[in-house]
Amino acid sequence: MEDDEEPPMAIQIQPDVSVGKNLSSSDAVSVGVSVITGYLGAGKSTLVNYILNGKHGKRIAVILNEFGEEIGVERAMINDGDEGAIVEEWVELANGCVCCTVKHSLVQALEQLVQRKDRLDHILLETTGLANPAPLASILWLDEQLESEVKLDCIVTVVDAKNLRFQLNERRDTSSFPEAFNQIAFADTIIMNKVDLISQEESDELEKEIHSINSLANVIRSVRCQVDLSNILNCQAYDSTHVSRLESLLEANKSLTTTDLHDSGVRTLCISEPLPINLDKVRLWLEEILWDKKLEMDIYRCKAVLSIQNSEQIHILQAVREIYEIVPARKWSEEESRTNKIVFIGHKLDEEVLRSGLRDCRP
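Every residue gets a number counted from 1 within its own chain, in the order that chain's sequence is written. Owing to the predicted nature of the model, reporting of local features is limited to residues with pLDDT of at least 70; listing and counting of side-chain atom pairs is limited to 80 or more, with chain, interface and lining totals taken over all residues. With hydrogens and water stripped out, all remaining heavy atoms of the structure feed into the side-chain values.

1. As for the confidence of the model for the protein chain
The line we're drawing: As a per-residue quantity, pLDDT reports the predictor's confidence and falls between 0 and 100. Contacts were defined at the residue level, with two residues in contact if any of their heavy atoms lie within 4.5 Å.
Averaged over the protein chain, the pLDDT score is 75; the fraction of residues at 70 or greater is 67%. Here residues 1-27 is a poorly scored stretch, pLDDT under 50, and it has 40 contacts once near neighbours within four places are set aside; other chains count. Note on residues 257-264: pLDDT is under 50 here. Beyond four places in sequence and across chains, it has 14 contacts.

2. Observations regarding the pairing of strand β13 (residues 323-331)
Applied cut-off: A pair of strands is treated as paired once DSSP finds two or more bridges between them. Numbering goes from the N terminus for both helices and strands, where a helix is a DSSP run of H or I of at least four residues and a strand is a run of E of at least two.
Examined bridge by bridge, strand β12 (residues 313-320) and β13 share eight bridges and lie antiparallel to one another. Each residue of the ladder has a partner; that of glutamine 313, found in β13, is lysine 331. Once β12 ends, the chain turns through two residues before running back antiparallel as β13, passing arginine 321 with a positive phi of about 55°.

3. What about the side chain of lysine 194?
What counts, and what does not: When accessible area is computed with a 1.4 Å probe and restricted to protein chains, residues below 20% of their type maximum are described as buried, those above 50% as exposed, and intermediate ones as partly exposed.
Mapped onto the fold, lysine 194 is located in the loop between β8 (189-193) and α6 (200-213). Assessed through its relative accessible area of 12%, lysine 194 is described here as buried.

4. Brief notes about α6
Heads up, the rule is: In this scheme, a helix's expected span is set at 1.5 Å multiplied by one less than its residue total. Relevant arc is that of directions from the helix axis to the C-beta atoms, nothing else.
Taking 1.5 Å per residue as the helical rise, α6 with its 14 residues ought to reach 20 Å, and the 20 Å between its terminal C-alpha atoms agrees with that figure. Where α6 is concerned, the buried positions are Ser203, Leu206, Glu207, Glu209, Ile210 and Ile213. Buried residues of α6, viewed axially, fall in a sector of 160°; they line one side. Residues Gln200, Glu201 and Lys208 are exposed on α6 and point more than 90 degrees away from its buried face.

5. Focus on the packing of aromatic side chains
Under the convention used in this document: Think of it this way: a Phe, Tyr or Trp ring, Trp meaning its six-membered ring, pairs with another when their centres are within 6.5 Å, and the plane angle makes it stacked under 30 degrees, edge-to-face over 60, tilted otherwise.
On inspection of all chains with the given rule, the structure shows three aromatic pairs. Aromatic pair tryptophan 285 and phenylalanine 344: ring centres 6.1 Å apart, planes at 90°, arrangement edge-to-face. On the criterion of sequence distance, the pair formed by tryptophan 285 in helix α8 (residues 279-292) and phenylalanine 344 in strand β14 (residues 340-347) is long-range, its members being 59 residues apart. On the accessibility criterion, tryptophan 285 (7% relative accessible area) is buried. Overall, the relative accessible area of 0% leaves phenylalanine 344 in the buried class.

6. Observations concerning the sheet that holds β12
Whenever strands of a sheet pair, they do so through backbone hydrogen bonds, lying parallel or antiparallel. The cut-off we apply is this: Only the contacting stretch of a helix is used when fitting its axis, a line to C-alpha atoms as for every element, and angles between N-to-C directions run 0 to 180 degrees.
The strand order β10-β14-β11-β12-β13 describes an open sheet built from five strands, whose pairing is antiparallel. Strand pairing shows two members of the sheet lacking a second neighbour, β10 (266-273) and β13, which therefore form its edges. Taken pair by pair, the neighbouring strands of this sheet meet at an average axis angle of 10°, ignoring direction. The sheet contacts of α6 involve β10 and β14, and relative to β10 the element is tilted by about 55°. The sheet strands contacting α8 are β10, β11 (298-307), β12, β13 and β14, and the helix crosses β13 at an angle near 150°.

7. Regarding the environment of leucine 216
Mapping leucine 216 onto the fold places it in the loop between α6 and β9 (218-221). On a C-alpha basis, the gap between leucine 216 and isoleucine 345 in space is 8.9 Å, while along the polypeptide they are 129 residues apart.

Dropping the structure here:
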């Protein structure tokens, strides 16, 4: 099993003299965090080892975390220093990457990491035992304590091409969903690993099945997780200023068929509204859906380009579970059609109800 491989060879690093130094505003560039999730044995550790040992010229910190279902991380062998040690082990690898194991507060660990920010290009957070990455994404995305020091870059899910269909079929006839659905639904990038163990036809069918759950995700086929790092680093999936990719995704999904549905009911749905909408009404509508769950739909992710009444700015909506954000991104160009396009990924999505709700957001 790939995840049982030995960790990469490492050497102990000397204390970083830059820790604690004040950064000027010109230095204060957020460090991107990619969350890596997936079933045990899918290849998460293989991916981490590939990155840590690769000759890519980037300084990447890898946090190996042992999560429970809550975000509270196990305490073990910590807080034994004068200040209370947050990170249990720090090692520097031969290619310049930094690796640590966290046994305490994720936020505090990240704060300590970014004090070394002038040495880091990116942070990878490899999760173990975390079925649902949504709470973690919320912390990284909009946590006030972290402010602008780190930013959620993307969620990467590694799936085992040989066994994924079996994992998706687990408990399909019950009210609970297997981890694989959550991990696919929340992903921005999906690495379909071990494709050498199945046929080309099976790969094509599996990719189609993945996109029936989450059509917004970028699916990459791999053998032993050897992928182009540009697909998992600096993706800017949650960056409101990086609007072009989101627009192209929404354009590609505007005619998404909803007839060939997954048995589970976990799927992607795209709706649109050609007329401008009222921002306050949109917020109230979203809060009814995401917070109050009045319509009994379970929405995992939501992305949208919005045309707001009396605004020349294109607005971007992103939501992960109950957490959402609507921000202006840039001016509409003259040749653009100012159409609202919203993509939902979730369970028990009611297309007519969602269309009617969006329509009611008109002024």
